[in-house]
Structure formats: structure tokens, C-alpha cells
Amino acid sequence: SYVALAQPNYIYHLVDPASEVDDQDTITNDTYQKRELLQNLKLASLHQAWDLAKTNKSVSVVVIDTGCCLNHEDLRNNVDWNHAWDFVSTKNAEGVSLTSAMGSNSSDVGDFNGHGTHVCGIVAAEANNSVGIAGVSYNANIIPMRVLDESGNGTTTSVIRALNKALALKHDGVNVRVVNMSLGGEGTDEALCRLISTLADEGIL
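Because the structure is predicted, anything quoted here is derived from the model rather than measured.

Colleague: I'd like a description of the pattern of salt bridges, backed by residues and values.
Modeller: Counted according to the given criterion, the structure contains three salt bridges. Of the charged contacts in the structure, one is a salt bridge between Glu 190 and Arg 194, with a shortest N-O distance of 3.2 Å. Of the two residues, Glu 190 and Arg 194 are both situated in helix α7 (residues 190-201); the distance of four residues between them amounts to about one turn of the helix. Judged by its relative accessible area of 33%, Glu 190 falls in the partly exposed class.

Structure below.
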């Protein structure tokens, strides 16, 4: 047989979030909304967008990161527990359930780093529940996929497994429309670029 492509199994790392900006206006009653996220929402005209369209749980966003604290009070109603996967704790190409891989008794079940939970909150933290912040798409489904370990490091292999899982979910009828990856590294990752193009061709941003 022929080899189509050979490349390094690159190491990826977390990308630091943007600095927080304060603002004096408040749109929702979420505790930390004014201090941590409102300015960015305003700059993106999200409040106007909320008046035009809401996902109403019909859209799923895959967050490929360090996982997600599945029982977080501002996220638990928007996390798709059935499709949350871990590609770090197993050698199995299919991954394992995030809950079974990381246990269910810890207060931070699903994320031993915290970055993935941070990103999931920006994406879809509940709005107007007097807790935390309001997410950009506050009533979308979040599907966390863990590819980065406790230190925030992962490999091309884990990221590709997660992207293939996102594509498989779409083929199985889950309305996956967006994949978020807040990670980066050095080198030209041709295998990853090809797969991202495939997802784009399938209608996944």
C-alpha cells in the first residue's frame, strides 16, 4: 500500500484568553456579566442578534479543549452529557465518555484544568439565571471534547480523533454547526488542515 501523508504528531497548547474589559452597562442579570464579558458581547452586536435569532437547543457547538466541568451551575443545563468525550484518557480511537473517564464525584468532573470550562461558558453559559455570565449563544447545546491534558497540552492525534467524532455526530443527526478550538502550536499540520476543510465542506464552521 502507499503512504498518502507522513508528518509529526504535533504538540498543541492552550491559547490564553483575551484580557477582561469592564463596562458600565448591564443587559442581563447574570452576576459577573458586567465585569467579564459584556464589552465583547457589545462589540460583536450580540444583543441585537439575540433579538433576531435563538438556537432554542437546536444547534450544537463542539468545544475541543480540556473538557468541561459538566455539573457547573451556569453550564449543566446546556451541556450534552451523552456526547461529551475524552480523547486523552484512552488509547481507543473512538474515545470514552467524559463522565466515565474522569469520574462523577469530583466538583470539577470533566475538566481538571479549567480552560475548557471557561470556553464553554463564553459559548453557552445560561442567561438571566442570576449566575455567572451569559454565553454568546446562551441556549445552544455544548458538546465538550477533551484533547488537552491537565497541563493544557495535547497532540495532533487527539485533535483529529475529536474532529472525526464531531463529523460522525453530524452524520448521526446531531446538528453540529460549530467547532471551537482554543489551541495552537508550531509547524504545518497538513493532516489537521485537511480534516478541518472536510468539516467545512460538511457545513461545520
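Moving on, there is more to tell.
Colleague: Could you give an account of the packing of helix α6 (residues 156-171) against α7, naming the residues involved and the relevant values?
Modeller: One can describe the packing of α6 onto α7 by two numbers: an axis separation of 10 Å at closest approach and a directional angle of 15 degrees. Classed by the angle they form, the pair α6 and α7 counts as roughly parallel. The crossing of α6 and α7 is left-handed. Residues Val 159, Ile 160, Leu 163, Asn 164 and Leu 167 of α6 form the contact with α7, whose own contacting residues are Ala 191, Leu 192, Leu 195, Ile 196, Thr 198 and Leu 199.

Colleague: Break down unusual backbone geometry for me, with residues and values.
Modeller: The phi dihedral of Asn 128 falls on the positive side, at around 55 degrees, and the residue is not glycine. Considering the arrangement of structural elements, one finds Asn 128 in the loop between α5 (115-124) and β5 (141-146). Notably, Ser 130 is not glycine yet its phi reads approximately 60 degrees, a positive angle. Structurally, Ser 130 can be placed in the loop between α5 and β5.

Colleague: Before we move on, could you go through the side chain of Glu 126 and cite the residues and values that matter?
Modeller: With respect to the element layout, Glu 126 can be found in the loop between α5 and β5. No salt bridge is formed by the buried Glu 126. Its closest oppositely charged neighbour is Arg 76, at 6.2 Å.

Colleague: Explain the nonpolar core to me, and be specific about the residues and the numbers.
Modeller: Ranked by size, the top nonpolar core spans 24 residues in total, and within it Val 62, Ile 64, Met 145, Val 147, Leu 163 and Val 179 carry the most contacts. If you list the elements that add at least two residues to this core, you get β2 (60-65), β5, α6, β7 (176-181) and α7. Apart from residues lying up to four places away in sequence, Val 62 is in contact with Ile 143, Met 145, Ala 166, Val 176, Val 178, Val 179 and Asn 180. Ranked by size, the runner-up nonpolar core spans 16 residues in total, among them Val 63, Ala 84, Val 119 and Cys 120.

Colleague: Run through the pairing of β2, naming residues and quoting values.
Modeller: Counted residue by residue, β2 has six buried out of six residues, so it is predominantly covered. Along β2, one buried face is formed by Ser 60, Val 62 and Ile 64 and the opposite face, lined by Val 61, Val 63 and Asp 65, is buried too. Sheet topology places β2 next to β7; five bridges connect them, and they run parallel. Residue pairing across strands places Val 63 opposite Asn 180, the latter belonging to β7.

Colleague: Tell me what's going on with α6, and back it up with residues and numbers.
Modeller: Taking 1.5 Å as the rise per residue, α6 with 16 residues should run 22 Å; its terminal C-alpha atoms sit 23 Å apart, in good agreement. When α6 is considered as a whole, its buried residues turn out to be Thr 156, Ser 158, Val 159, Ala 162, Leu 163, Lys 165, Ala 166, Leu 167 and Leu 169. Backbone geometry just downstream of α6 places Gly 173 in the positive-phi region, at approximately 105 degrees.

Colleague: Before we move on, can you summarise the packing of aromatic side chains with the specific residues and values?
Modeller: Following the criterion strictly, the structure yields one aromatic pair and no others. Consider the rings of Trp 50 and Tyr 138, whose centres lie 5.0 Å apart with planes at 85 degrees: the pair is edge-to-face. One end of the pair, Trp 50, is in helix α3 (residues 46-52); the other, Tyr 138, is in the loop between α5 and β5, with 88 residues separating them in the sequence. No difference in accessibility class separates Trp 50 from Tyr 138, as the two residues are buried.

What counts as what
Residues numbered from 1 in each chain as written. Predicted model: local features only at pLDDT ≥ 70, side-chain atom pairs only at ≥ 80, totals over all residues. Heavy atoms only, no water. Salt bridge = Lys/Arg side-chain N within 4 Å of Asp/Glu carboxyl O. Helix = DSSP H or I, 4+ residues; strand = E, 2+ residues; numbered from the N terminus. Buried < 20%, exposed > 50% of the residue type's maximum accessible area, 1.4 Å probe, protein only. Axes fitted to C-alpha atoms, helices over the stretch in contact; angles between N-to-C directions. Parallel < 35°, antiparallel > 145°, perpendicular 65-115°, else oblique. Left-handed = near helix turned anticlockwise from the far one by under 90°. Contact = heavy atoms within 4.5 Å. Lys, Arg positive; Asp, Glu negative; His and termini not counted. Core = buried A, V, L, I, M, F, W, Y, C linked by side-chain atoms within 4.5 Å. Pairing = 2+ DSSP bridges. Expected span 1.5 Å × (residues − 1). Phe/Tyr/Trp six-rings, centres within 6.5 Å; stacked < 30°, edge-to-face > 60°.

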